[in-house]
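# Summary of structural features
Listed here are the chains, written in short residue letters.
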Amino acid sequence: MIPIPTSISELRALIGSRKLSAVEVTRATLARIAELDPELHAFLEVFQERALQNAADVDAALARGENPGPLAGIPVALKDNMALEWGNTTCGSKMLRGYRSPFTATAAQKLINAGAIVIGKTNLDEFAMGSSTEHSAFGPTRNPWDHARVPGGSSGGSAAAVAARMVPLALGSDTGGSIRQPASLCGIVGVKPTYGRVSRYGLVAFASSLDQIGPFATSIADAALALNILCGFDPHDATSAELSVPDFTADLDKPLEGLTIGVPRLSAQPQGEMALVFDAAVATYVNMGATIKEVSLPLTDYGIAAYYIVAPAEASSNLARFDGVRYGHRAALAKGDDLIAMYCKTRAEGFGPEVQRRIMLGTHVLSSGYYDAYYSTALKVRRLIKAEYDTAFRAGCHALLTPATPGPAFRIGEKTADPLAMYLEDVYTVGVNLAGLPAVTMPAGFIRDERRNLPVGVQLIAPAFEEARMLRIARQFEAATDWHTRAPGFEA
Ligand code: GLN
């Protein structure tokens, strides 16, 4: 077994002091992927030659005494709904099989400018719609902790790649939980930044008012380091915030004085062993002297309902562009087929069942006669949910603590026949997107099933643009526990 690439900070020190070359790190990463990924299928594409060339460039710059950037030589993976000027950008869809982007997403470019080595593109639910990565047109990803289980989704490939220690850093996108839910199911850290914090330029749009890019890492410190690079205003994204970005690593190890954690009383209370894990997480904060305040968020009960109106509505509009004319797949036409037939055949062939379901739902809730009943009602609920969070923060909570998922990873195939069961995976995460807030999932324990221990995480939610404080609070938890140090046992 190839030695496990260590954390970003350790790798940085080794590469920076030239104890390890960037090429050696890239070779070890590629070898580990070659060994593990035929089984896990976290990657859709690996850029072997390009990665080695980029690594050689980093080594050459270091040899010249230059500073190639804060992520010099660090291997990273990108969810395959982010555009790169090279390779394919498939969104896990037949519709975009073989599609090549003419430009690179801002978030990816920032990592590249910081010296990171883009190793490859990772698997996802088609167009980021799903919670298990089973809706990928290219086959599911397996959970590194138990190969019979899903890694979560939709950023399941990125989560599995980090959990299996194939790369120390990967990007995902989170529209309703797609970073935080797989992070929980894979036992790693995942951050969804405030809406507007990270540019969405070059992220293929699912629901534009909810989508955010964020990092997966194995520690809060590594996630903070990544956010330092990813965050910031981008003139290419009209919704990106013109705010200065603090150094998220600066005070990370300073515990917050007088910490107050809000624990929402939710009707979807965690059950069984998940309840024990969550109670233990609350107790961890109590033991470090935090005040726990019970808060009431009654409207978050409507989060799933509102999200599954707003997100499909936006998706139906965003995905209208995949019509066989400009991008990707175009159906073979029969004699006599007109333009409408071309659209219909192309979209019926190119989109999988879940994406078609979302487009139909979204078109329905936006159609005249139903718009007021569904779409505008959902927008009102969305506003009220945001107000509810604001009230909780105004009442003195520095952050809110919730479970990240209802339970651990489920079996491949367990929920595919029941879309509603799949949607309920996001019961703790969608409210955060509706309100535009930042949140982080961190490893918080294990739940034993008949075969092995499966990781689960808890979620901290903070006021908008308070990522620095949120990460400090998360770091306090991490310092008091050792869940984040556990990795799936491939060596066994
Ligand atoms: N699982 C949710 C959905 O299917 C969230 C997806 C996401 O965040 N991209 O819509």
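Going by the structure above, here's the rest.
Below: a short report on this structure. (Residues numbered from 1 in each chain as written. Predicted model: local features only at pLDDT ≥ 70, side-chain atom pairs only at ≥ 80, totals over all residues. Heavy atoms only, no water.)

### Observations regarding the site of the ligand
Taken together, 15 residues lie near the ligand, and T175, G176, S178, Y307 and R358 sit nearest. One of the side-chain N or O atoms of S154 is found 3.4 Å from a nitrogen atom in the ligand. At 2.7 Å from an oxygen atom of the ligand is found a side-chain nitrogen or oxygen belonging to Y307. For the ligand, the protein covers 100% of the area, taking 290 Å² as the surface of the free molecule. Class assignment for the residues of the shell around the ligand results in five nonpolar, seven polar and three charged. (Near = heavy atom within 4 Å. Polar contact = N/O pair within 3.5 Å; in protein donor to acceptor, adjacent residues only side chain to side chain. Areas by Shrake-Rupley, 256 points an atom, 1.4 Å probe, with all protein chains shown as cover. Nonpolar A, V, L, I, M, F, W, Y, C, P; charged D, E, K, R; others polar.)

### Quick notes on unusual backbone geometry
For the bond from G153 to S154, the omega torsion is 10°, close enough to zero to count as cis. With respect to the helices, strands and loops of the structure, S154 is situated in the loop between strand 3 (117-122) and helix 5 (156-163). The phi dihedral of C91 is positive, around 55°, even though this residue is not glycine. The topology assignment puts C91 in the loop between strand 2 (75-79) and helix 4 (106-113). The residue R165 is not glycine, and still its phi comes out positive at about 55°. As for its placement among the helices and strands, R165 is situated in the loop between helix 5 and strand 4 (169-174). (Helix = DSSP H or I, 4+ residues; strand = E, 2+ residues; numbered from the N terminus.)

### A few points about the nonpolar core
Among the nonpolar cores identified, the biggest contains 98 residues, and L111, Y285 and L460 are the most heavily contacted of them. For this core, the element with the highest residue contribution is helix 7 (residues 220-230), accounting for eight residues. Among the nonpolar cores identified, the runner-up in size contains 44 residues, and F206, V355, V381 and A439 belong to it. (Core = buried A, V, L, I, M, F, W, Y, C linked by side-chain atoms within 4.5 Å. Buried < 20%, exposed > 50% of the residue type's maximum accessible area, 1.4 Å probe, protein only.)

### Re helix 1 (residues 8-16)
Within helix 1, burial applies to I8, L11 and I15. The buried residues of helix 1 occupy one face: seen down the axis, they fall within an arc of 65°. In this structure, the buried residues of helix 1 make contact with helix 2 (22-40), helix 3 (48-63), strand 2, strand 4 and helix 7. Once helix 1 finishes, R18 follows within two positions and takes phi at roughly 60°, a positive value. (Arc of directions from axis to C-beta. Contact = heavy atoms within 4.5 Å.)

### Here's the deal with the side chain of S184
Its location among the elements puts S184 in helix 6 (residues 180-186). The class for S184 is buried, based on a relative accessible area of 1%.

### Quick look at helix 3
An ideal rise of 1.5 Å per residue puts 22 Å on 16 residues; helix 3 measures up with 23 Å between its terminal C-alpha atoms. Along helix 3, the positions that sit buried rather than exposed are A51, L52, A55, V58, D59, A61 and L62. Against the buried residues of helix 3 lie helix 1, helix 2 and strand 3. (Expected span 1.5 Å × (residues − 1).)

### Some remarks on the sheet that holds strand 8 (residues 291-296)
The strand order across the open sheet built from 11 strands is 1-3-2-4-6-5-10-11-9-7-8, with neighbouring strands paired in mixed fashion. This sheet does not close on itself; its edge strands, each paired only once, are strand 1 (43-46) and strand 8. Here the average twist between neighbouring strands, direction ignored, is 30°. Examined bridge by bridge, strand 5 (residues 189-192) and strand 6 (residues 212-217) share two bridges and lie antiparallel to one another. When the sheet's bridge partners are listed, V189 is paired in strand 6 with A217. Of the strands in this sheet, strand 1, strand 2 and strand 3 are in contact with helix 2, which crosses strand 3 at around 15°. Sheet strands in contact with helix 8 (residues 272-287) are strand 7 (260-265), strand 8, strand 9 (399-403), strand 10 (439-448) and strand 11 (453-461), and its direction is about 125° off that of strand 10. (Pairing = 2+ DSSP bridges. Axes fitted to C-alpha atoms, helices over the stretch in contact; angles between N-to-C directions.)

### Focus on the environment of A205
Tracing the backbone through its elements, the reader meets A205 in the loop between strand 5 and strand 6. The class for A205 is buried, based on a relative accessible area of 14%. The spatial distance from the C-alpha of A205 to the C-alpha of N81 is 8.4 Å, given a sequence separation of 124 residues. Apart from residues no more than four positions distant in its own chain, A205 is found in contact with D211, N318 and L319.

### A few points about the packing of aromatic side chains
Two numbers describe a pair of aromatic rings. These are the distance of the centres and the angle of the planes. Overall, the coordinates contain 14 aromatic pairs when judged by the stated rule. Ring geometry for Y307 versus Y308: centroids 4.7 Å apart, planes at 85°, classification edge-to-face. Each of the two residues, Y307 as well as Y308, counts as buried. Put simply, the rings of Y99, F127, F322, Y327 and F351 pair up and form one aromatic cluster. Above the face of the F410 ring, K415 is positioned so that its terminal group lies 4.7 Å from the ring centre. (Phe/Tyr/Trp six-rings, centres within 6.5 Å; stacked < 30°, edge-to-face > 60°. Lys NZ or Arg CZ within 6 Å of the ring centre and 35° of its normal.)

### Considerations on the pattern of salt bridges
The full count for this structure, using the stated rule, is 19 salt bridges. In this structure, the salt-bridge partner of E354 is R358, at a minimum N-O distance of 2.6 Å. Residue E354 and its partner R358 are both found in helix 11 (residues 353-366); the two are separated by four residues, about one turn of the helix. The exposure class of E354 is buried, given its relative accessible area of 4%. The salt bridge partner of E425 is K415, with a shortest N-O separation of 3.5 Å. Of this pair, E425 sits in the loop between helix 13 (419-423) and helix 14 (430-435) while K415 sits in the loop between strand 9 and helix 13, placing them 10 residues apart in sequence. Its relative accessible area of 3% is what places E425 among the buried residues. One network of salt bridges, with partners in common, ties together D146, R149 and D449. (Salt bridge = Lys/Arg side-chain N within 4 Å of Asp/Glu carboxyl O.)

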